[in-house]
Amino acid sequence: MSGSLDELYAAGVAAWRSGDHAGAVSLAREAIGIDPRLPALHFLEGSGLFDAGRYAHAADAFERAAALGPGYPLALECELRAAQCLARLDLAGGAGPALETPSGSETAFVSVIVCSVTPQKFDRVSANYRRLLDRVPHEIVGVHDARSLAEGYNRGMRKARGNMLVFSHDDIEIVSPDFAAKLARLLGEHGLVGVAGTTRAVTASWLGAGWPHLCGQIGMPAAGAGYVVTVYGAGARTVRGVQAMDGVWLAARRETAQRLGFDAATFDGWHGYDFDFSYRAHLAGERCAVACDLLIAHASAGGFQGDWRVYAERALAKHRAHLPPGATLPAQPELCAVEVRSSDEWRLLAERLIERGELRSLG
């Protein structure tokens, strides 16, 4: 951008930030009239229209921005915003998210293993699981004195009776009401499943390779109602060929989990166990996948600070022979997030993202 185009864009951004949505749209369109090839101008127009509640027109603007081939993160932001526009139009039209129904052929006993030292968190997450698994034989295995997550999960696994094992943090909420059907389908097809991960492990973090190798999404409760959803990538309902996953929630067939085990000697704290466990599953030839339609809200955010670096160094040393030459610890990546008003909006957003990804793969 140069000259008056720069000035129009800067003024449009300032108008949008101040809440002058009509002004932002007008300035963006004036700039587009000068040079329609710049994705940021169409994205600005879409942002103003979205905040004004004009979702159909906003979706068109975000589509135009995406069609111009911007780089990351704008490319993913365009996808997210277009999908969110369609989700809000769905809600306004009375459409709700679809529910997956059980196939009826599963013979599942689900053991949910939770390490927790906080009774309120354990009770809350246990109630969430019991409600979602009320028609499926299940148990909640609590480990309340774990020396590390790896040690606690190993101990919980020894106590568990199920043929499907869920390894769960205690501060999550599963937002998908059809969780039981999704879990049975996923573990009928894969040995290990998560909700966020990568198809290309390049360092001792699943986030290391960045977009477009990342997949899945994780939410956080918003300040009021709703959720702030970080979307790492969503090109399919189930992303296969995953090499490493986040440990906020993992599910495995019993035989897979027992064969792998968690490395409690190396990972004797609260980090690194998940990369190691999921990467070893990949190296062992297990079918590993990320479910982009299984939605989980996590009450805390992670980061690449403190003890995380200690255990990342251990994971890097352990797996250096299998990682790309010269692998080092990653920097905190730039991620994309949107705020949704309700669980229904989040579920519709996920559906629309998956639908768009599947259409792209066909085209």
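Residues numbered from 1 in each chain as written. Predicted model: local features only at pLDDT ≥ 70, side-chain atom pairs only at ≥ 80, totals over all residues. Heavy atoms only, no water.

1. Here we look at the overall build of the chain
- Summing up its helical and strand segments, the chain has 12 helices and 14 strands in all.
- The C-alpha atoms of the chain give 22 Å as radius of gyration, which agrees with the globular expectation for 363 residues (21 Å, within 12%).
- With respect to the three principal axes, the spread of C-alpha positions in the chain is 65 × 50 × 40 Å.
- Scored against the burial criterion, the 363 residues of the chain give a buried share of 55%. (Helix = DSSP H or I, 4+ residues; strand = E, 2+ residues; numbered from the N terminus. Rg over C-alpha atoms; globule rule 2.2 N^0.38 Å. Buried < 20%, exposed > 50% of the residue type's maximum accessible area, 1.4 Å probe, protein only.)

2. Some points on the pairing of strand β14 (residues 336-340)
- In β14, alternate side chains face the same way, and those of C336, V338 and V340 are buried while those of A337 and E339 on the opposite face are not.
- Bridge analysis of strand β8 (residues 227-233) against β14 gives 5 bridges, and the strand direction is antiparallel. Counted as the bridge partner of V231 is C336 from β14. (Pairing = 2+ DSSP bridges.)

3. Thoughts on the side chain of D246
- Looking at where D246 falls in the secondary structure, it is placed in the loop between β10 (244-245) and β11 (249-253).
- The charged side chain of D246 is buried without a salt bridge, its nearest counter-charge being K121 at 15 Å.
- In terms of polar contacts, D246 uses its side chain to reach the side chain of W206, at 3.1 Å.
- Those residues within four positions of D246 in sequence are excluded, and the remaining contacts are A196, W206, I218 and D274. (Lys, Arg positive; Asp, Glu negative; His and termini not counted. Salt bridge = Lys/Arg side-chain N within 4 Å of Asp/Glu carboxyl O. Polar contact = N/O pair within 3.5 Å; in protein donor to acceptor, adjacent residues only side chain to side chain. Contact = heavy atoms within 4.5 Å.)

4. Quick look at unusual backbone geometry
- With an omega of 10 degrees, the peptide bond running from Y72 to P73 counts as cis.
- Checked against the element boundaries, P73 lands in the loop between α4 (55-67) and α5 (74-92).
- For the bond from W211 to P212, the omega torsion is 10 degrees, close enough to zero to count as cis.
- Counting through the fold element by element, P212 comes out in the loop between β6 (196-198) and β7 (214-221).

5. Thoughts on the pairing of strand β3 (residues 164-168)
- Most of β3 sits inside the fold, with 5 of its 5 residues counted as buried.
- Residues of β3 alternate between two faces, with M164, V166 and S168 on one and L165 and F167 on the opposite face, all of them buried.
- Relative to β3, strand β1 (residues 110-115) runs parallel, the two being bridged by 5 bridges. Directly across from V112, in β3, lies its bridge partner V166.
- In this structure, β3 lies alongside β11, joined through 5 bridges in antiparallel fashion.

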